[in-house]
Amino acid sequence: MPLLQNHIAVITGAGSGIGRAIAVGYAREGARVVALDVDADSARQTAKLVSDAGGTVDSFVLDVTDRAACTAMAKQIADTVGPVSILVNNAGIARRNGMTGAPEAVIKDWEDVIAINLTGVFNVTHAFLGSLRANKGRIVNIGSIQSFVHIRQPSSPAYTASKHGVLGFTRALAVELGKEGVRVNAIGPGFIETPLNAATRANNPEAVRLFMEHTPLGRAGKPEDIVGPAIFLACDLSSYVTGSIVMADGGYRAV
Ligand SMILES: NC(=O)c1ccc[n+]([C@@H]2O[C@H](COP(=O)([O-])OP(=O)(O)OC[C@H]3O[C@@H](n4cnc5c(N)ncnc54)[C@H](O)[C@@H]3O)[C@@H](O)[C@H]2O)c1
């Protein structure tokens with residue numbers, strides 16, 4: 001039997017990169033997928049990919065920074081799709097200004113990154129909490145190497161702070177919801193080739209080289225490299241795993 005049969009899985013930021021790959025992978029494992037993204041076209045394209053492959057999928061527009069919209073979306077999905085038992089908090093952005101950059105840029109980075117990467121995770125989780133508690137749900141949050149360390153290659157303190165926050169939030173929820181059978185875990189991707197870092201890959205090969213030098217597997221990851229851990233954490237194979245982070249970073253943190 002497929003690993004996610006009888007589950008309804010909501011994925012934020014599902015219109016691109018890692019979120020899209022997880023949507024396709026979850027559907028392959030029998031989940032009914034709900035692809036959410038701030039960008040309507042890309043969410044629709046993901047839905048088409050999933051349905052062309054024989055999966056069951058709905059897509060909706062959701063900006064994770066809009067708390068009222070998150071609440072309304074949870075109600076709409078409950079009414080029109082069904083009870084959600086898996087939530088993947090994947091939507092995220094990266095910025096590259098250090099703290100000593102131009103003040104306007106640094107402040108904008110902080111506000112945008114924290115609003116999407118951290119408060120967005122809170123907003124969506126809070127909106128779907130009732131359904132997740134009622135269905136012994138599983139929450140998978142997308143963290144990062146930067147849930148533990150800052151990286152020297154250009155990256156903003158906001159991004160590192162947001163991903164540290166995602167790990168802290170993961171642990172807090174795992175502790176609070178464990179007795180109810182709700183499991184909450186994170187994934188820590190390394191350098192994964194997606195539109196998020198397309199500009200770095202195009203314009204800063206030295207940054208990529210330094211990253212790969214620190215990566216025992218010696219290659220960048222693909223979005224598909226995150227799918228296995230995401231399936232594992234959402235299905236019963238991980239029935240005694242909560243409050244954890246699965247690193248899918250090519251070994252970066254071992255060095
Ligand atoms: N690519 C990497 O190397 C890497 C490494 C570690 C962690 N991550 C994390 O993985 C997650 C996915 O990143 P990706 O690399 O696939 O990036 P991506 O840019 O390919 O996809 C991110 C998606 O999130 C959506 N999004 C942005 N703001 C949103 C909002 N306010 N509301 C809803 N959706 C929004 C975008 O439209 C996009 O479809 C992010 O949380 C990112 O921080 C990525």
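Residues numbered from 1 in each chain as written. Predicted model: local features only at pLDDT ≥ 70, side-chain atom pairs only at ≥ 80, totals over all residues. Heavy atoms only, no water.

Draft legend 1. Structural view of the pairing of strand β6 (residues 183-189). Buried residues dominate β6, accounting for seven of its seven residues. Here strand β5 (residues 138-142) pairs with β6 via five bridges, running parallel. The residue of β6 that forms the bridge with valine 140 is asparagine 185. Regarding the hand of the β-α-β motif, the stretch spanning β5, helix α5 (residues 157-177) and β6 is right-handed. Relative to strand β7 (residues 245-248), β6 runs parallel, the two being bridged by four bridges. Note that in β7 the partner of isoleucine 187 across the bridge is valine 246. (Buried < 20%, exposed > 50% of the residue type's maximum accessible area, 1.4 Å probe, protein only. Helix = DSSP H or I, 4+ residues; strand = E, 2+ residues; numbered from the N terminus. Pairing = 2+ DSSP bridges. Right-handed = clockwise from strand over helix to strand, strands pointing away.)

Draft legend 2. Quick look at the nonpolar core. With 30 residues, the main nonpolar core has Ile11, Ile22, Tyr26, Val88 and Ile187 as its most contacted residues. Those elements giving two or more residues to this core turn out to be β1 (8-11), α1 (17-28), β2 (32-37), α2 (40-52), β4 (86-89), β5 and α8 (227-234). For this core, the leading source of residues is α1, giving six residues. The contact partners of valine 88, leaving out residues within four places of it in the chain, are Val10, Ile11, Thr12, Ile22, Tyr26, Val140 and Ile142. If you look at the next biggest cluster of nonpolar residues, it comprises 29 residues, including Val34, Phe60, Ala74 and Phe169. (Core = buried A, V, L, I, M, F, W, Y, C linked by side-chain atoms within 4.5 Å. Contact = heavy atoms within 4.5 Å.)

Draft legend 3. Expanded view of the site of the ligand. Near the ligand, the surroundings consist of 27 residues, among which Ser16, Asp37, Asn90, Tyr159 and Thr194 are the closest. Contact distances for the ligand include 3.4 Å between a nitrogen atom and a backbone N or O atom of valine 38. Within the contact set of the ligand, a nitrogen atom lies 2.9 Å away from a side-chain nitrogen or oxygen of aspartate 63. For the ligand, whose accessible area on its own is 830 Å², the fraction buried by protein is 91%. (Near = heavy atom within 4 Å. Polar contact = N/O pair within 3.5 Å; in protein donor to acceptor, adjacent residues only side chain to side chain. Areas by Shrake-Rupley, 256 points an atom, 1.4 Å probe, with all protein chains shown as cover.)

Draft legend 4. Expanded view of the pairing of β1. Here β1 shows no split at all, with Ile8 and Val10 on one side and Ala9 and Ile11 on the other all buried. As paired elements, β1 and β2 share four bridges and run parallel to each other. The residue of β2 that forms the bridge with isoleucine 8 is arginine 32. The parallel pair β1 and β2 is bridged by α1, and the resulting crossover is right-handed. Pairing of β1 with β4, which is carried by three bridges, proceeds in the parallel orientation. For isoleucine 11, the partnering residue across the bridge sits in β4 and is valine 88.

Draft legend 5. Focus on unusual backbone geometry. Backbone geometry places asparagine 6, a non-glycine residue, at a positive phi of 70°. Position of asparagine 6 relative to the elements: it lies in the segment before β1. Assessed through its relative accessible area of 70%, asparagine 6 is described here as exposed. Of note in this structure, lysine 136 is not a glycine but carries a positive phi near 45°. By the element assignment, lysine 136 lies in the loop between α4 (103-134) and β5.

Draft legend 6. Broad picture of the packing of helix α3 (residues 67-80) against α4. Their axes nearest at 8 Å, the elements α3 and α4 cross at an angle of 35°. α4 is crossed by α3, and the crossing has right-handed handedness. Contact with α3, carried on its side by Arg67, Cys70, Thr71, Ala74 and Ile77, involves Thr119, Phe122, Asn123, Val124, Ala127 and Phe128 of α4 and no other residues of that element. Partitioned by chemical class, the residues of the contact of α3 with α4 number seven nonpolar, three polar and one charged. (Axes fitted to C-alpha atoms, helices over the stretch in contact; angles between N-to-C directions. Left-handed = near helix turned anticlockwise from the far one by under 90°. Nonpolar A, V, L, I, M, F, W, Y, C, P; charged D, E, K, R; others polar.)

Draft legend 7. Summary view of the packing of α1 against α8. Remark: α1 packs on α8, axes separated minimally by 9 Å, with the N-to-C direction vectors making an angle of 55°. If you check the angle between α1 and α8, you find them oblique. Relative to α8, α1 is oriented so that their crossing is right-handed. The residues of α8 that touch α1, namely those facing Ala21, Ile22, Gly25, Tyr26 and Arg28, are Val227, Ala230, Ile231 and Ala234. (Parallel < 35°, antiparallel > 145°, perpendicular 65-115°, else oblique.)

Draft legend 8. Broad picture of the pattern of salt bridges. Applying the stated criterion across every chain, the model contains 13 salt bridges. Arginine 95 is paired through a salt bridge with aspartate 109; the nearest N and O atoms lie 3.2 Å apart. Of the two residues, arginine 95 sits in the loop between β4 and α4 while aspartate 109 sits in helix α4, which places them 14 residues apart along the sequence. With a shortest N-O distance of 2.7 Å, glutamate 193 and lysine 222 are connected by a salt bridge. Here the residue glutamate 193 occupies a position in the loop between β6 and α6 (198-203), and lysine 222 occupies one in the loop between α7 (205-213) and α8, the gap between them amounting to 29 residues. Relative accessible area serves as the criterion here: at 28%, glutamate 193 is assigned to the partly exposed category. The structure contains a network of salt bridges with shared partners spanning Arg95, Lys108, Asp109 and Asp112. (Salt bridge = Lys/Arg side-chain N within 4 Å of Asp/Glu carboxyl O.)

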